Number of protein chains: 2
Amino acid sequence: MDRAPTDAPRLTTPTLQDVAARAGVSTATVSRALNFPDRVAAATRDRVMQAVADLGYSPNFGARAMAARRTNTIGAIIPTMENAIFARGLQAFQDGLRAEGFTLLVASSAYSAAEEEEQIRTLVARGADGLLLIGHERDRRIRDFLDARGIPALVTWAFDANAAHPSVGFDNRAAMRTLADRAIEMGHSRLAMISADTVGNDRAAERVAGVRKAMAAAGLDAADLTVIVTPYGIDNGGRALAQLMARDRAPTVVLCGNDVLAVGALRQARLMGLDVPGDLSITGFDDIELAQVAVPELTTVHVPHRKMGAEAARVLARMVRDGAPAEAVKLPADLRMRASLAPPRARRGGPRMWWPGASRR
Amino acid sequence: MDRAPTDAPRLTTPTLQDVAARAGVSTATVSRALNFPDRVAAATRDRVMQAVADLGYSPNFGARAMAARRTNTIGAIIPTMENAIFARGLQAFQDGLRAEGFTLLVASSAYSAAEEEEQIRTLVARGADGLLLIGHERDRRIRDFLDARGIPALVTWAFDANAAHPSVGFDNRAAMRTLADRAIEMGHSRLAMISADTVGNDRAAERVAGVRKAMAAAGLDAADLTVIVTPYGIDNGGRALAQLMARDRAPTVVLCGNDVLAVGALRQARLMGLDVPGDLSITGFDDIELAQVAVPELTTVHVPHRKMGAEAARVLARMVRDGAPAEAVKLPADLRMRASLAPPRARRGGPRMWWPGASRR
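About the cut-offs
- Residues numbered from 1 in each chain as written.
- Chains lettered and ligands numbered in written order.
- Predicted model: local features only at pLDDT ≥ 70, side-chain atom pairs only at ≥ 80, totals over all residues.
- Heavy atoms only, no water.
- Helix = DSSP H or I, 4+ residues; strand = E, 2+ residues; numbered from the N terminus.
- Buried < 20%, exposed > 50% of the residue type's maximum accessible area, 1.4 Å probe, protein only.
- Axes fitted to C-alpha atoms, helices over the stretch in contact; angles between N-to-C directions.
- Parallel < 35°, antiparallel > 145°, perpendicular 65-115°, else oblique.
- Left-handed = near helix turned anticlockwise from the far one by under 90°.
- Contact = heavy atoms within 4.5 Å.
- Nonpolar A, V, L, I, M, F, W, Y, C, P; charged D, E, K, R; others polar.
- Phe/Tyr/Trp six-rings, centres within 6.5 Å; stacked < 30°, edge-to-face > 60°.
- Lys NZ or Arg CZ within 6 Å of the ring centre and 35° of its normal.
- Core = buried A, V, L, I, M, F, W, Y, C linked by side-chain atoms within 4.5 Å.
- Pairing = 2+ DSSP bridges.
- Right-handed = clockwise from strand over helix to strand, strands pointing away.
- pLDDT = per-residue confidence, 0-100.
- Salt bridge = Lys/Arg side-chain N within 4 Å of Asp/Glu carboxyl O.
- Buried area = accessible area lost by both parts, 1.4 Å probe.
- Polar contact = N/O pair within 3.5 Å; in protein donor to acceptor, adjacent residues only side chain to side chain.

With respect to the environment of Ala174(B)
Residue and element names in this part refer to chain B. Its place among the elements puts Ala174 in helix α7 (residues 172-185). Taking the relative accessible area as the measure of exposure, Ala174 reaches 37% and is therefore partly exposed. Between the alpha carbons of Ala174 and Ala209 there is a distance of 9.1 Å; along the sequence they are 35 residues apart.

Brief notes about the packing of helix α3 (residues 42-55) of chain A against helix α6 (residues 140-149) of chain A
Residue and element names in this part refer to chain A. Orientation of α3 relative to α6, taken along the N-to-C sense of each, is 65 degrees, at an axis distance of 10 Å. One element, α3, and the other, α6, form an angle in the roughly perpendicular class. When the axes of α3 and α6 are compared, the crossing they make is left-handed. Taken together, the residues of α6 that come into contact with α3 (itself represented by Asp46, Met49, Val52 and Ala53) are Arg141, Asp144, Phe145 and Ala148. Of the residues belonging to the contact of α3 with α6, the class tally is five nonpolar, no polar and three charged.

Remarks on the packing of aromatic side chains
For the structure shown, the criterion picks out six aromatic pairs over all chains. Between Tyr111(A) and Tyr232(A), the ring centres sit 5.7 Å apart and the planes meet at 70 degrees, which makes this aromatic pair edge-to-face. Separated by 121 residues along the polypeptide, Tyr111(A) in the loop between β2 (103-108) and α5 (113-125) and Tyr232(A) in the loop between β7 (226-229) and α9 (234-245) bring together distant segments of the chain. Classification of Tyr232(A) by relative accessible area gives buried; the value is 15%. Ring centres of Phe86(B) and Trp157(B) lie 4.8 Å apart, and the angle between their planes is 65 degrees; this geometry places the pair in the edge-to-face category. Of this pair, Phe86(B) sits in the loop between β1 (73-78) and α4 (87-99) while Trp157(B) is found in the loop between β4 (153-156) and β5 (167-169), placing the two residues 71 residues apart along the sequence. Judged by relative accessible area, Phe86(B) falls into the buried class, the value being 4%. The ring of Phe145(A) is capped by Arg121(A), whose NZ or CZ atom sits 4.5 Å from the centre of that ring.

Some details on the side chain of Thr44(A)
Residue and element names in this part refer to chain A. Within the element layout of this structure, Thr44 appears in helix α3. Thr44 gets classed as buried once you look at its relative accessible area, which sits at 19%. Those residues within four positions of Thr44 in sequence are excluded, and the remaining contacts are Val25 and Thr29.

What about the nonpolar core?
Formed by 168 residues in total, the largest nonpolar core has its most connected members in Phe93(A), Ile282(A), Phe93(B) and Ile282(B). Leaving out residues up to four positions away in the same chain, Phe93(A) has contacts with Ile74(A), Ala76(A), Leu104(A), Leu132(A), Gly309(A), Ala310(A), Ala312(A), Ala313(A) and Leu316(A). Within the second largest apolar cluster, 56 residues are counted, among which are Ile120(A), Leu131(A), Ala23(B) and Leu105(B).

Observations regarding the pairing of strand β3 (residues 130-134) of chain B
Side chains on a regular strand alternate between the two faces of the sheet. Residue and element names in this part refer to chain B. The buried fraction of β3 is high, at five of five residues. Burial of the side chains of β3 extends over both faces: Gly130, Leu132 and Ile134 are buried on one face and Leu131 and Leu133 on the other. Where β1 lies against β3, four bridges are found, and the strand directions are parallel. Its bridge partner being in β3, Ala76 is matched across the sheet by Leu132. As for the winding sense of the linkage, the β-α-β connection from β3 through helix α6 (residues 140-149) to β4 is right-handed.

Remarks on the confidence of the model for chain A
All names here are of chain A. Confidence along chain A averages 86 in pLDDT terms, with 88% of residues attaining 70 or more. Below pLDDT 50 for its whole length, residues 1-11 participates in 23 contacts with residues either more than four positions away or in separate chains. Below a pLDDT of 50 lies the segment residues 60-68, which in the model reaches 17 contacts outside its immediate sequence neighbourhood of four places, other chains included.

Examining the environment of Leu298(A)
Residue and element names in this part refer to chain A. Considering the arrangement of structural elements, one finds Leu298 in the loop between α11 (290-293) and β10 (300-301). Separated by 39 residues in sequence, Leu298 and Met337 have C-alpha atoms that sit 7.8 Å apart. Excluding anything up to four places from it in sequence, Leu298 contacts Asp259, Ala262, Val263, Leu266, Ile282, Thr283, Gly284, Ala291, Arg336, Arg338 and Ser340.

Some details on the pattern of salt bridges
Across all of its chains, the model carries 42 salt bridges over all chains by this definition. With its nearest N and O atoms 3.8 Å apart, the salt bridge here joins Arg318(B) to Asp322(B). Here the residue Arg318(B) and the residue Asp322(B) both occupy positions in helix α12 (residues 305-322), the gap between them amounting to four residues, near one helical turn. What emerges from the salt-bridge pattern is a single network uniting Glu311(A), Arg314(A), Arg318(A), Asp322(A) and Glu327(A).

Topic: the interface of chain B and chain A
Each side of the interface is counted separately: chain B has 44 residues, and chain A has 44 residues. Taken over both partners, the interface formed by chain B and chain A buries close to 3,600 Å², and the fraction arising from carbon and sulfur atoms is 49%. Contact with chain A buries surface across chain B, with Met81(B), Arg126(B) and Val293(B) losing the most and accounting together for 18% of the total. Salt-bridge contacts for Glu297(B) lead to Arg267(A); the nearest nitrogen and oxygen are separated by 3.4 Å. Viewed at the interface, chain A and chain B are joined by 15 residue pairs in polar contact (both at pLDDT 80 or more). Mapped by element, the contributors of at least two residues to the side of chain B that touches chain A are α4, β2 (103-108), α5 (113-125), α10 (259-271) and α11 (290-293) of chain B. Class assignment of the residues belonging to the side of chain B that touches chain A gives a composition of 17 nonpolar, 13 polar and 14 charged.

Here it is, written out as structure tokens:
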């Protein structure tokens, strides 16, 4: 637990006046910077937040336990509302919160760190008692901002026991490694990936790392892994697959960073006359509904959306209500073996067929 | 426009004291009932809201035009976060709001009127400047609550020029009727529907009405239409299809209330060995990404998600910022003819085949 304790006494308690003096502003400005950060010039806000961090000032010090101060509202910031990636987990989170007496407000950041920060400040200014965030990667300033206000934050969709905020999630790297291990065991040696941008997205980065780790462990050169980076989206998955198959050494299996990209890749393969899994295996990650609607059904990593959402609600409600130390909860993310992954054709002894124009070695 | 004008002078302006006297409570209670309705007993809140409505009291009377009072936050309440039905439109709404300088906070009501009302109150208490709501059907009390506080609300996913709140949407009944007309023109006379519960869901009710209207216009008995009602969900769509096909007079076309149900029906048809569209046509409504991932691709009604979200952002931003009278915007919702709808086999002269055990007349 490296969140500042919020209901234990300290030896010295810095005051609002201390913060104002250190930042060289009025106490009214400090108050405004904390409560309505969007109404204060960025430079002033930074100065105030620096003073808050330096002094370890907490405006709600000792007050979080007072039920009267709570608004019973929890905020969640997800990277996107499109594509239903976060939909089921979020719905379970909301169902869990409702049972605990909280209302959920959701904002989406379009995978932008700057927008996420703005939305965190908005939700806090609007009185959120606690926040659910996706993934661990964000600026240290945000943690300081939340700590200074005594707002508990819980991370999900990732798990890292050593990160700034506690998490209820799963190990993205290990899960993707298990899937890549399975593909390699089946005889695949020409692996490729279609991934979201890994900058500012630790889930995507960990999934790529998992494939590399599996390759290295199997004696394959991980530097050989071609990774096409593209925003999540069905059409983007399709375009990326076309690029991969036009390469000199086309892959026999394409591991996609999520189901949305994978379904786009499947569709493109169909348009190109490629048989999946006969000519090419394709896998996803998430196990959203798309995965079982796809033809062939998609081999993927099952993210425990409902369980994760429900556990996150339970843990965050305790953090907010009881000031309970956060419980880190690591959930399993298992493989779902379906028809889209099979041994490569050479391995199965059948003829190797490629669509015209792309047949290279 | 039946929203109370918010920036024009009135002849007499009721005060907080007037409301308190009429409700028989203190002014502090009135204030709390308006700002934190969840902290006031329901009976007291109702009494205060009745007094507010009787007197036409508006706590923000004349103040909405003051930029300083605005929080630049807009709330949206959607029926569900699952299944991506509202995802794309909402993302476009958020993108549009961001361009206008607003942050979006979203809540989901699980298709429950009571939860929607609670979330409206929460968003208003948290300072929302305006609200986006799905569909027109809701208790009169909610409109009074919003009017009393001068909070503009815009309805989307439906269009009704005569409803309490202005709308940016499309005509659900006309769109579904166009699709049913097309099926009937192709030679289908045994129509069935899989629909969401029509109680409290005007979009679902209008879609069923559209099919009935098409049948009546074509001289078919609209009372013959079998409608299976089930919550939106892929598995539910599948179960409903199995029920329909087990009936004495199995349909030749199943019109589904949305794409999620339709994709579930498609999947179930595949499991039952039915060829779509050879043995059975299946259609959807929404044109979400699922529709083109399905095999065969789904004939459906294209809801203009992005256009609708963008227009709703533009109109609501004007309502909030300028106190502009709401512009009603009716958008087209066209058919997307794809492979899942075709003339019935008898019409095409081929053999009529059914899977064993369900072949009746």
